[in-house]
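One letter stands for each residue in the lines below.
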Amino acid sequence: MDVSNINNNISNLNQSTQLQIDKAEQSKQVQKVDNDSASFLSINEYNQKRDELSSNVQSLNNGIAISNIATNALEKEQTYISNIQEELENLKSDDNQLQDKNDIKQVINENLKDFNATAYETKFKNENLLSIDYYDENKNISINTDSESFSIDKTNTPDFATGIFETLNASNLNDPKQLNEVISKVESTTTQIQNIAEEFKEFGNKIEETARENIKEQVSLYNENRDYGKESVDFSKNNISANLGYLAASQANIVQAQSVRLLS
């Protein structure tokens, strides 16, 4: 066999070897880019879901706060109405027949003022919860998430105080019939406030249940993905090892081909 031919064969084989190595490297780089892109997409999806759940919980927490604030304020209003009812019921007893009815009206009016003050002061982020402003275009209180919405009609409890005030001042409390009419008006107001309080409680309970579900989903999402970084690294390592193994096998085949060609 001619030496020049051997040299040419070796040169060709070396070029072939380099070509195979270059192809393997290119394959590895392409696969790495693909894997990086896939990982980036998964991270984006995870972040998007995480942010969505976080936003939902924040909105739901606002709803729970609204429910609690409104319910507590309604209980306070109910206390003032109970004071009024107690004053009126006392007028029925024989022991209070000589009591000045104007004094009673004054006490009742003071409770009505406190009732209204509570209504106007009850707000969440500057939004009235128990009173409706003349310029308020929203007729309900809404809590919205990406998957579900909750709403409750706004109420104007100062109207209740106005109704009692007008009935009271138009009545002669010395007249048992008119006194009973005022008491009936107060009792009706008590029932209405209780109903509104129940609506807010139900509103809050539904929101709280949904919030729990979102928090559970947050925890599950975290638990399922907290090892994401480690798994990604392990995946990359395995991928590299596989590529290296493929490259080593290719090189072994090239060396074997060289030997055959040299001996031929």
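Bear in mind that the values here come from a model prediction, so they are computed numbers and not experimental data.

Calculation rules
Counting restarts for each chain: residues are numbered from 1 in the order of the written sequence. Side-chain atom pairs in this predicted model are given and counted only at pLDDT of 80 or more, local residue features only at pLDDT of at least 70, and totals for whole chains, interfaces and linings cover all residues. No hydrogens and no water enter the side-chain calculation; it runs on all heavy atoms of the structure. Numbering of helices and strands runs from the N terminus, with a helix taken as a DSSP run of H or I at least four residues long and a strand as a DSSP run of E at least two residues long. Contact criterion: two residues are considered in contact whenever any of their non-hydrogen atoms come within 4.5 Å of each other. The predictor rates its confidence in each residue with pLDDT, a number between 0 and 100. Throughout, exposure labels follow a simple rule: accessible area from a 1.4 Å probe, protein chains only, divided by the maximum for the residue type, with under 20% read as buried, over 50% as exposed, and the rest as partly exposed. Here a polar contact is recorded for every N or O atom pair within 3.5 Å, except that within protein the pair must consist of a potential hydrogen donor and a potential acceptor, and residues adjacent in sequence are included only if both atoms are side-chain atoms. As used in this record, nonpolar core signifies buried Ala, Val, Leu, Ile, Met, Phe, Trp, Tyr and Cys residues forming a set joined through side-chain atoms within 4.5 Å. Axis definition: a line fitted to C-alpha atoms, over the contacting stretch in the case of helices. Angles run 0 to 180 degrees between N-to-C directions. By definition in this entry, angles of less than 35 degrees are roughly parallel, angles greater than 145 are roughly antiparallel, angles of 65 to 115 are roughly perpendicular, and the rest are oblique. Note that Gly is not counted as nonpolar here; it falls among the polar residues with everything else outside the nonpolar set of Ala, Val, Leu, Ile, Met, Phe, Trp, Tyr, Cys and Pro and the charged set of Asp, Glu, Lys and Arg. Salt bridges are defined as contacts in which a side-chain nitrogen from Lys or Arg sits within 4 Å of a carboxyl oxygen from Asp or Glu. Handedness of a helix crossing follows the sense of rotation of the near helix relative to the far helix, less than a right angle counterclockwise being left-handed and clockwise being right-handed. By definition here, a helix of n residues has an expected span of 1.5 Å times n minus one.

Quick word on the side chain of Ser131
Then comes step 1: Here Ser131 is to be found in the loop between β2 (127-128) and β3 (140-144).
Then comes step 2: Among residues more than four places away in sequence, those in contact with Ser131 are Ala119, Tyr120, Thr155, Asn156 and Pro158.

Description of the confidence of the model for the protein chain
Then comes step 1: Mean pLDDT over the protein chain stands at 77; residues scoring 70 or higher make up 67%.
Then comes step 2: Considering each helix and strand of the protein chain separately, the mean pLDDT is smallest for helix α5 (residues 228-263), with a value of 42, and largest for helix α3 (residues 158-169), with 96.
Then comes step 3: A low-confidence stretch, residues 231-264 stays under pLDDT 50, and its non-local contacts, those more than four residues away or across chains, total 22 contacts.

What to know about unusual backbone geometry
Then comes step 1: The phi torsion at Lys125 lies on the positive side, around 50°, for a residue other than glycine.
Then comes step 2: Mapped onto the secondary structure, Lys125 falls in the loop between β1 (123-124) and β2.
Then comes step 3: Note on Lys125: relative accessible area 62%, which makes it exposed.
Then comes step 4: Within the chain, Asn126 stands out as a residue other than glycine whose phi angle is a positive 70°.
Then comes step 5: Mapped onto the fold, Asn126 is located in the loop between β1 and β2.
Then comes step 6: Accessibility expressed as a relative area gives 73% for Asn126, which makes it exposed.

Details of the side chain of Asn111
Then comes step 1: The topology assignment puts Asn111 in helix α2 (residues 101-121).
Then comes step 2: Only 3.1 Å separates the side chain of Asn111 from the side chain of Asn83, close enough to count as a polar contact.

Remarks on the nonpolar core
Then comes step 1: Core analysis: the largest hydrophobic core is formed by 39 residues, its most contacted members being Ile66, Leu88, Leu130, Leu173 and Phe200.
Then comes step 2: Within the residue set of this core, elements represented by two or more residues are α1 (3-90), α2, β3, β4 (149-153), α3 and α4 (176-225).
Then comes step 3: Ranked by residue count, the leading element in this core is α4, at 11 residues.
Then comes step 4: Among residues more than four places away in sequence, those in contact with Phe200 are Ile66, Ser67, Ala70, Thr71, Leu74, Leu129, Leu130, Ile141 and Ile152.

Here we look at the packing of α3 against α4
In helix packing, the relevant descriptors are the interaxial angle and the interaxial distance, both defined with respect to the helix axes.
Then comes step 1: Contact geometry for α3 and α4: axes closest at 9 Å, N-to-C directions at 175°. Comparing their axes, α4 and α3 come out roughly antiparallel. Between α3 and α4, the residues in contact are Phe160, Gly163, Ile164, Thr167 and Leu168 and Glu181, Val182, Lys185, Val186, Thr189, Gln192, Ile193 and Ile196, respectively.
Then comes step 2: Partitioned by chemical class, the residues of the contact of α3 with α4 number seven nonpolar, four polar and two charged.

Examining the pattern of salt bridges
Then comes step 1: If you walk through the whole model with that rule in mind, you get eight salt bridges.
Then comes step 2: Residue Lys49 is joined to Glu217 by a salt bridge in which the shortest nitrogen-to-oxygen separation is 3.2 Å. Taken together, the positions of Lys49 in helix α1 and Glu217 in helix α4 put the pair 168 residues apart, joining distant regions of the chain.
Then comes step 3: On the basis of relative accessible area, Lys49 is assigned to the partly exposed category, the value being 28%.

Quick notes on the environment of Asp146
Then comes step 1: Here Asp146 lies in the loop between β3 and β4.
Then comes step 2: By relative accessible area, which is 55% here, Asp146 ends up exposed.
Then comes step 3: A C-alpha to C-alpha distance of 6.9 Å links Asp146 and Asn56, two positions 90 residues apart in sequence.

Here's the deal with the environment of Asn47
Then comes step 1: Here Asn47 lies in helix α1.
Then comes step 2: Here Arg50 takes part through its side chain, which lies 3.3 Å from a polar atom of the side chain of Asn47.

With respect to the packing of α2 against α3
Then comes step 1: The interhelical angle for the contact between α2 and α3, taken along N-to-C directions, is 165°, at an axis separation of 9 Å. Judged on the interaxial angle alone, α3 and α2 are roughly antiparallel. As for the relative orientation of α2 and α3, their crossing is left-handed in sense. Contacts between α2 and α3 involve Lys105, Ile108, Asn109, Leu112, Phe115, Asn116, Ala119 and Tyr120 from the former and Pro158, Phe160, Ala161, Ile164, Phe165, Leu168 and Asn169 from the latter.
Then comes step 2: For the contact of α2 with α3, the residue count by class is 11 nonpolar, three polar and one charged.

Description of α4
Then comes step 1: An ideal rise of 1.5 Å per residue puts 74 Å on 50 residues; α4 measures up with 73 Å between its terminal C-alpha atoms.
Then comes step 2: At the N-terminal end of α4, a side-chain oxygen is found 3.0 Å from the backbone nitrogen of Lys177, two or three residues along, and the residue is Asp175.

What about the environment of Tyr222?
Then comes step 1: Relative to the assigned elements, Tyr222 resides in helix α4.
Then comes step 2: Sequence separation between Tyr222 and Arg50 is 172 residues, and the spatial gap between their C-alpha atoms is 8.4 Å.

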